[in-house]
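A closer look at the structure
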Amino acid sequence: MAEPMGFYTDTTVCIGCKACEVACKEWNQLPSTNGGVNTLSGDSYDNTRQLDGIHWRHVKFIEQFTENRQDGRWLLMSDVCKHCVHAACLEVCPTGAIVRTEFDTVVIQSDACNGCRDCIAACPFGVIDINPASGTAQKCTLCYDRLQSGMEPACSKACPTDSIQFGTIRELRGRAEKRVEQLHQAGEKRAYLYGADEKMLGGLNSFYLLVDKPEVYGLPPDPKMPSRNLTSGSWFSALGAVLVGLIGVINFRNRGARLAAEEERR
Amino acid sequence: MNGFPSSTYFSAPPDWGWLIVLYFFFGGLAGGTYFLAALIDFFGHPEDRPLARLGYYISFPCIIISALLLTFDLYRPLRFWHMLIESNTYQPLFKPWSPMSLGSWSLLIFGIFSFLSFLGALAEGDRIRWSAARGLHGPGVLAKVIAFIGGIFGFYVAGYTGVLLAVTNRPVWSDTSLLGMLFLVSAASISAALMILLAERSRWTMPGLAALHRMDIWVIVLEFIVLIAVMFSLGPVFRAWLNLWGLLLFVVIIFGMLLPIALNWRRDWLGNHNVTATALLILAGGFLLRLVIVFSSEGI
């Protein structure tokens, strides 16, 4: 297996140009929204709105301004599939359509997916959705086809500020830690890495440098694996089955005993 | 957490709608009626045999309906077999840690047992003239083995759907471990209600019917307790039900649980219609319960 590859996204240098979105759409031949008829969201400059089956990159525009708008800041973040080391989507997929590649990335094989949508409900980041053109669940592949040819993913290649950086996870982590240090020294003490270490789902192969709480960026502060409920849920169900079974046996046996007693009396 | 009661609020809805609600309902009926029929086979009296047969008659059509609902809910229905067979290697695909994978296999296996018992019940009830099928239902060893294994799978089919919802990252569904238990107990209550309803309409008077009715009330009490436990286990996520869905759930509790218990206690309230009304209320409550649980999370 090749060394794990991924993205490090430094949100502090994102300028919201959406070149990553365009490059992703173009390379992956993703259809336009609403047949190309554009509608404005009314939510800052964000008209992409969300990650889904036809938007595998999404630049978020977060406006943090005072009420009189005299002070404030923009938070910009190019969101994408996290290619989790412990991937919730891969765990629940019943068809085996979701696989881990030799680059430690997570890819949905469109020809195997049947559109059951279990992965959509399982992903803690809300990354996956159905692509209406294929009728299958789709998301970022980290440009698996480009990686196989030794090329860089389209989005990071197109990013003009190097907000999105591609490389081996080991190298990216080192680079990201240095950047956090640099920001701290420059007075931006809020800078931290989200998903860079193993604590979060075994590590996110697409991790972020953020300067506010994860929730502000629409990221879960504590994402979990769906299987956390599997054992307890199964045991509680078994308990339910035992209780219903006992209720049934007691009621049918009691009736039997009463009938026998009545017959004896007769 | 910046106004979010749980980390599950950052996931996306899978768009599981009416077909899934109906599947949960019919799947519950399929598994529950089979389990009750098996219970009557094992612990009932010979005069209750028509009641057991009724359970098998309901179970098999319901499991067929369930399979069709699930298939049509897929965005690529013709790929339904990908749930069981790996499409590129043609090897069986079984992931015991994925409730949907395990559930797909259970549906298939339960479907086979349900079909066998259905055939046996038809033969015993003289609805088909096939002597070989007579051994599939009745006092014989083969029939008992089929009923025992089928009953276990039946209960699995009735309850796994709740575990499937819990093994996601969606609000409400994955914020409690009790949905499997709730769905399983509810499956027993709606199944008993449907069997009582159909038996009443046929004017059956076998003694097992009274036992089934009594059992149903006990199960409704248990279901009520489990639903309250679900509400407590949700913690701050309970606020997802402080809306119209919560109101509908309140209706389920009042009309689908407490009123049937009250009707059983005061049997003179509706006279001859008491049992029928109780069964109808339980069935409607069971359907609405699934509707609230599915749609209240889908809306977040």
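Residues numbered from 1 in each chain as written. Chains lettered and ligands numbered in written order. Predicted model: local features only at pLDDT ≥ 70, side-chain atom pairs only at ≥ 80, totals over all residues. Heavy atoms only, no water.

1. Observations regarding the overall build of chain A
Basically, it comes down to this: For helices the rule is a DSSP run of H or I covering at least 4 residues; for strands it is a run of E covering at least 2, with both sets numbered from the N terminus onward. A radius of gyration in this sense is built from C-alpha atoms; the matching globule rule multiplies 2.2 Å by the number of residues raised to 0.38. Throughout, exposure labels follow a simple rule: accessible area from a 1.4 Å probe, protein chains only, divided by the maximum for the residue type, with under 20% read as buried, over 50% as exposed, and the rest as partly exposed. By definition in these notes, contact holds between two residues if any of their heavy atoms fall within 4.5 Å. We get accessible surface area from the Shrake-Rupley algorithm with a probe of 1.4 Å; when it comes to residues, only the shown protein chains can shield them. When charges are tallied, Lys and Arg are placed among the positive residues and Asp and Glu among the negative ones, while His and the ends of the chain are skipped. By convention, charge coordinates are those of NZ in Lys, CZ in Arg, CG in Asp, or CD in Glu.
The helix and strand inventory of chain A stands at seven helices and ten strands. On C-alpha atoms alone, chain A measures out to a radius of gyration of 25 Å, which is more than a quarter above the 18 Å that the 2.2 N^0.38 rule sets for 266 residues. Counting only residues that meet the buried cut, chain A has 56% of its 266 residues in that class. Long-range pairs, those at least 24 residues apart, make up 60% of the contacts in chain A with a sequence separation of at least 6. Here chain A has roughly 12,000 Å² of accessible surface; of this, 53% comes from carbon and sulfur atoms. Distance between charge centres in chain A, computed from 29 positive and 32 negative side chains, equals 5 Å.

2. What about the overall build of chain B?
Scanning chain B for helices and strands turns up eight helices and zero strands. In chain B, the succession of α and β elements from N to C terminus is α-α-α-α-α-α-α-α. The globule rule puts the C-alpha radius of gyration for 300 residues at 19 Å, and the 20 Å found for chain B is close to it. Buried residues in chain B amount to 59% of all 300 residues. Taking the intrachain contacts of chain B between residues at least 6 apart in sequence as the baseline, contacts between residues at least 24 apart amount to 73%. Counting only carbon and sulfur atoms, one obtains 71% of the accessible surface of chain B, whose full area is about 12,000 Å². Within chain B, the 14 negative side-chain charges are centred at a point lying 3 Å from the centre of the 17 positive side-chain charges.

3. Section: the state of the cysteines
Residues and elements named next belong to chain A. Put simply, the rule reads: Cysteine sulfur atoms are paired as a disulfide whenever they fall within 2.5 Å.
One pass over the full model with this rule turns up zero disulfides over all chains. Residue Cys155 stays outside any disulfide, its sulfur separated by 6.1 Å from that of Cys143, the closest cysteine. On the basis of relative accessible area, Cys155 is assigned to the buried category, the value being 6%.

4. Focus on helix 3 (residues 99–124) of chain B
Residues and elements named next belong to chain B. The cut-off we apply is this: To estimate the expected span of a helix, count its residues, drop one, and scale the result by 1.5 Å.
Helix length check: helix 3, at 26 residues, gives a terminal C-alpha distance of 36 Å against a target of 38 Å (1.5 Å per residue), a fit within 8%. Buried residues dominate helix 3, accounting for 19 of its 26 residues. Downstream of helix 3 by a residue or two, Asp126 has a phi angle that is positive, lying close to 60°.

5. Some details on unusual backbone geometry
Residues and elements named next belong to chain A. Residue Gln29 is not a glycine yet carries a positive backbone phi of 50°. Along the chain, the position of Gln29 falls in the loop between helix 1 (19–28) and strand 2 (58–65). Taking the relative accessible area as the measure of exposure, Gln29 reaches 72% and is therefore exposed. The backbone phi angle of Arg117 is positive, close to 75°, even though this residue is not glycine. Secondary-structure assignment places Arg117 in the loop between strand 5 (106–108) and helix 3 (118–122).

6. Describing the nonpolar core
Basically, it comes down to this: For our purposes a nonpolar core is just a set of buried Ala, Val, Leu, Ile, Met, Phe, Trp, Tyr and Cys residues, chained together by side-chain atoms within 4.5 Å.
Residues Val244 of chain A together with Leu51, Trp173, Leu212, Met215, Trp241 and Ile293 of chain B are the most contacted members of the largest nonpolar core, which totals 97 residues. Per-element accounting of this core gives the leading share, 16 residues, to helix 5 (residues 179–201) of chain B. In terms of nonpolar packing, the next biggest core, distinct from the first, is built from 68 residues, Cys89, Cys93, Phe125 and Leu209 of chain A among them.

7. A look at the environment of Leu102 of chain B
All names here are of chain B. Here Leu102 shows up in helix 3. Residue Leu102 is classed as partly exposed on the basis of its relative accessible area of 22%. Note: C-alpha distance between Leu102 and Ala132 (30 residues apart in sequence) is 32 Å. When residues no more than four places from it in sequence are discounted, the contact partners of Leu102 are Phe94, Lys95, Pro96 and Tyr156.

8. Some points on the pattern of salt bridges
Residues and elements named next belong to chain A. What counts is decided by this rule: Salt-bridge detection follows one rule: a side-chain nitrogen of Lys or Arg within 4 Å of a carboxyl oxygen of Asp or Glu.
Going through the model one piece at a time under the given rule, you end up with 14 salt bridges over all chains. The closest approach of N and O atoms between Arg179 and Asp10, which form a salt bridge, is 2.7 Å. Of this pair, Arg179 sits in helix 6 (residues 169–185) while Asp10 sits in strand 1 (residues 5–10), and the two are 169 residues apart along the sequence. We note a salt bridge from Lys60 to Asp79, for which the minimum N-O separation is 3.3 Å. Note that Lys60 is positioned in strand 2 and Asp79 in strand 3 (residues 72–79), a separation of 19 residues in sequence. When salt bridges that share partners are traced, they join Lys60, Asp79 and Lys82 into one network.

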